[in-house]
Amino acid sequence: RATAEYRKEEDSLSEFLETETITAKDLHEPPDRVTVSCQSLHTMYVGWCEKNGVDAAPKWLFGRWMTGHGFSSKSVREKGAEPHKAYIGLRLRVSKDPSLTEPQLNLVKNPSKNAS
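For the structure given in this document, a descriptive report is provided here. What you see is a predicted model; the values in this text were computed from it and never measured. (Residues numbered from 1 in each chain as written. Predicted model: local features only at pLDDT ≥ 70, side-chain atom pairs only at ≥ 80, totals over all residues. Heavy atoms only, no water.)

## Describing the overall build of the chain
- Within the chain, the regular secondary structure consists of four helices and five strands.
- Classification of the 116 residues of the chain by burial places 33% in the buried group.
- For the chain, the proportion of contacts with a sequence separation of at least 24, taken over those separated by at least 6, is 61%.
- As displayed, the chain has an accessible area near 8400 Å², and 51% of this comes from carbon and sulfur atoms. (Helix = DSSP H or I, 4+ residues; strand = E, 2+ residues; numbered from the N terminus. Buried < 20%, exposed > 50% of the residue type's maximum accessible area, 1.4 Å probe, protein only. Contact = heavy atoms within 4.5 Å. Areas by Shrake-Rupley, 256 points an atom, 1.4 Å probe, with all protein chains shown as cover.)

Written out as structure tokens, the structure reads:
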């Protein structure tokens, strides 16, 4: 029974990753240019688990599962910020932090030359 429960929880991580994250490969970016803070990802995972009625894994187990899913972590330093641990090759699909979301096109409209 414990093993079945463990597998169910680990399967929930697969579902979370599928629905809430996007990979560097999907973004056609080098893995080291696509990162998400370990803390942010675990926090989002805990919220997702609560919403979906699943027991969330503690950080240490979550980290092992992430490694098992092929996502390693390392210390990264972003401009103007303290170094922090981040998963490499993965980012959140939706975030209030624009550096963590899918790339957006910045389109500039040209003013009309026929202003009458």
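## Some remarks on helix 3 (residues 38-52)
- Under the 1.5 Å per step criterion, the end-to-end length of helix 3 is 21 Å for 15 residues, consistent within 8% with the ideal 21 Å.
- Along helix 3, the residues classified as buried are Cys38, Leu41, His42, Tyr45, Trp48 and Cys49. With its buried residues spanning 120° around the axis, helix 3 presents them on a single face. Turned more than 90 degrees from where helix 3 packs its buried face, Glu50 and Lys51 sit exposed.
- For helix 3, the N-terminal cap is Ser37; the gap from its side-chain oxygen to the backbone nitrogen of Gln39 is 3.3 Å.
- Downstream of helix 3 by one or two residues, Gly53 has phi in the positive range, about 65°. (Expected span 1.5 Å × (residues − 1). Arc of directions from axis to C-beta. Polar contact = N/O pair within 3.5 Å; in protein donor to acceptor, adjacent residues only side chain to side chain.)

## A short note on the environment of Ile22
- With respect to the element layout, Ile22 can be found in strand 1 (residues 21-23).
- By relative accessible area, which is 7% here, Ile22 ends up buried.
- Note: C-alpha distance between Ile22 and Val34 (twelve residues apart in sequence) is 9.2 Å.

## Things to note about the packing of aromatic side chains
- In total, this model carries four aromatic pairs according to the counting rule given.
- Ring geometry for Phe16 against Tyr45: centres 5.5 Å apart, planes inclined by 75°, an arrangement best described as edge-to-face. With Phe16 in helix 1 (residues 2-20) and Tyr45 in helix 3, this residue pair connects regions lying 29 residues apart in the sequence. Pair check on accessibility: Phe16 and Tyr45 agree, each one buried.
- Consider the rings of Tyr45 and Phe62, whose centres lie 4.8 Å apart with planes at 35°: the pair is tilted. Residue Tyr45 is located in helix 3, and its partner Phe62 is located in helix 4 (residues 59-68); the two are separated by 17 residues in the primary sequence. No difference in accessibility class separates Tyr45 from Phe62, as the two residues are buried. (Phe/Tyr/Trp six-rings, centres within 6.5 Å; stacked < 30°, edge-to-face > 60°.)

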